[in-house]
Amino acid sequence: LCQVSLGPCSLVQGAVARYFTDAQVAGSEAQRCAESHIADACSTLAKRAAAACRHATEAGTAGGGAPLFEPPAPPAGAMYLWLRLAPGTCRSLKIGKDDDAVDDDVAFVSEVLRECAVVMLPGSCFSAPGHVRISTVASEDALSEAFHRIELWCASLRGDAPMDAA
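Residues numbered from 1 in each chain as written. Predicted model: local features only at pLDDT ≥ 70, side-chain atom pairs only at ≥ 80, totals over all residues. Heavy atoms only, no water.

1. Comments concerning the pairing of strand β1 (residues 80-84)
Counted only if it meets this: Here's how the labels work: a residue is buried when its accessible area is under 20% of the maximum for its type, exposed when over 50%, partly exposed in between, all with a 1.4 Å probe on protein chains only. Here a helix means four or more residues in a row that DSSP labels H or I, a strand means two or more in a row labelled E, and each is numbered from the N terminus. Should DSSP find at least two bridges between two strands, the strands are taken to pair.
Side chains of β1 alternate between two faces, with Leu-81 and Leu-83 buried and Tyr-80, Trp-82 and Arg-84 left unburied. By the bridge criterion, five bridges tie β1 to strand β3 (residues 131-135) in an arrangement that is antiparallel. By the bridge assignment, Leu-81 is partnered in β3 with Ile-134.

2. A word on the packing of aromatic side chains
Quick reminder of the rule: Only Phe, Tyr and Trp rings take part, Trp by its six-membered ring, and two of them pair if their centres are within 6.5 Å. Stacked means planes under 30 degrees apart, edge-to-face means over 60, and tilted covers everything else. Placement of a charge over a ring requires the Lys NZ or Arg CZ to be within 6 Å of the ring centre, with the centre-to-atom vector within 35 degrees of the ring normal.
For the coordinates displayed, the defined rule picks out four aromatic pairs. Measuring from centroid to centroid gives 6.4 Å for Tyr-80 and Trp-82, while their planes differ by 85°, and the two rings are edge-to-face. Residue classification places Tyr-80 among the partly exposed residues on the basis of a relative accessible area of 28%. In this structure Trp-82 comes out as partly exposed when scored by relative accessible area, which is 31%. Members of the aromatic cluster, connected to one another through ring pairs, are Phe-69, Phe-108 and Trp-153. The residue whose ring lies beneath Arg-133 is Tyr-80, and the NZ or CZ to ring-centre distance is 3.9 Å.

3. A closer look at helix α4 (residues 105-116)
Basically, it comes down to this: How far a helix is expected to stretch is found by multiplying one less than its residue total by 1.5 Å. What qualifies as a polar contact is a pair of N or O atoms within 3.5 Å, subject to a donor-acceptor requirement within protein and to the restriction that residues adjacent in sequence count only when both atoms come from side chains.
In this model α4 runs 16 Å from its N-terminal to its C-terminal C-alpha over twelve residues, within 8% of the 16 Å that 1.5 Å per residue would give. Looking at α4, one finds that the buried residues are Asp-105, Ala-107, Phe-108, Val-109, Val-112 and Cys-116. Two to three positions downstream of the cap, the backbone nitrogen of Val-106 sits 3.2 Å from a side-chain oxygen, assigning the N-cap of α4 to Asp-104. Of the residues flanking the end of α4, it is Ala-117, one or two places downstream, whose phi is positive at about 60°.

4. Brief notes about the sheet that holds strand β2 (residues 121-122)
If you walk across this open sheet you meet the three strands as β1-β3-β2, and the pairing is antiparallel. Whereas interior strands pair on both sides, the edge strands pair on one side only; in this sheet they are β1 and β2. Strand direction decides the pairing type here: β2 and β3, joined by two bridges, are antiparallel. Residue pairing across strands places Leu-121 opposite Arg-133, the latter belonging to β3.

5. Quick word on the side chain of His-55
Stated formally: Residue contacts follow a heavy-atom distance rule, with two residues in contact if any of their heavy atoms lie within 4.5 Å.
You can see His-55 is positioned in helix α2 (residues 10-58). For His-55, the contacting residues outside a window of four places in its chain are Leu-143, Ser-144 and Phe-147.

6. A short note on the nonpolar core
So the rule is basically this: Put simply, buried Ala, Val, Leu, Ile, Met, Phe, Trp, Tyr and Cys residues joined by side-chain atoms within 4.5 Å make one nonpolar core.
Phe-69, Leu-83, Phe-108, Val-112, Met-120, Phe-147 and Ile-150 are the most contacted members of the largest nonpolar core, which has 24 residues in total. Mapped by element, the contributors of at least two residues to this core are α2, β1, α4, β3 and α5 (140-158). No other element matches α5, which puts six residues into this core. Those residues in contact with Phe-147 that sit more than four places away from it in its chain are Ala-52, His-55, Ala-56, Ala-59, Phe-69, Leu-83 and Ile-134.

7. Notes on the pattern of salt bridges
What counts is decided by this rule: Salt bridge, as used here, is a side-chain nitrogen of Lys or Arg placed within 4 Å of a carboxyl oxygen of Asp or Glu.
Inspection of every chain in the model, using the stated rule, returns four salt bridges. Taking the shortest distance from any N to any O, the salt bridge between Arg-114 and Glu-111 comes out at 2.8 Å. One end of the pair is Arg-114 and the other is Glu-111, both in helix α4 and three residues apart, which spans about a single turn. What makes Glu-111 partly exposed here is its relative accessible area of 21%. The shortest N-O distance in the salt bridge between Glu-145 and Arg-149 comes to 3.1 Å. With Glu-145 and Arg-149 both in helix α5, this residue pair falls four residues apart, about one helical turn. Arg-149 sits in the partly exposed class, given a relative accessible area of 27%. One salt-bridge network, in which partners are shared between bridges, spans Glu-111, Arg-114 and Glu-115.

Printed below as a string of structure tokens:
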């Protein structure tokens, strides 16, 4: 009855206080580490997105070719980049049907996958025909390599370089 009316003994009170203090310190440290990790991840993704935008802007232009994509807007927090196929891209690369009013994004990504081993998603999957979506979570080196392969493929279609130069 004494325990009920006066509360737990001092040993239990001390253990409970210590437990909550340790838990608060651990929680605070976990939050600090999480915030640091999130900031680092956001910085890394922003760098990769900027690299992908730069490569996308230059894609297809080597050797005087026309750009494959319209100038992209950097993603605002997403881990992928939306690219709009430049008008006439598929026609100039002889992809899809000649009478398509909008560039055939499905045919384009299929050819890029088959010829370059680079995975993109067609915008048609997201009700955005004429666009492609590329992930920016890969390393900057991997993104650079992907766009380099696409560039070599375009050059080979124009007769500027052999495709096996990759």
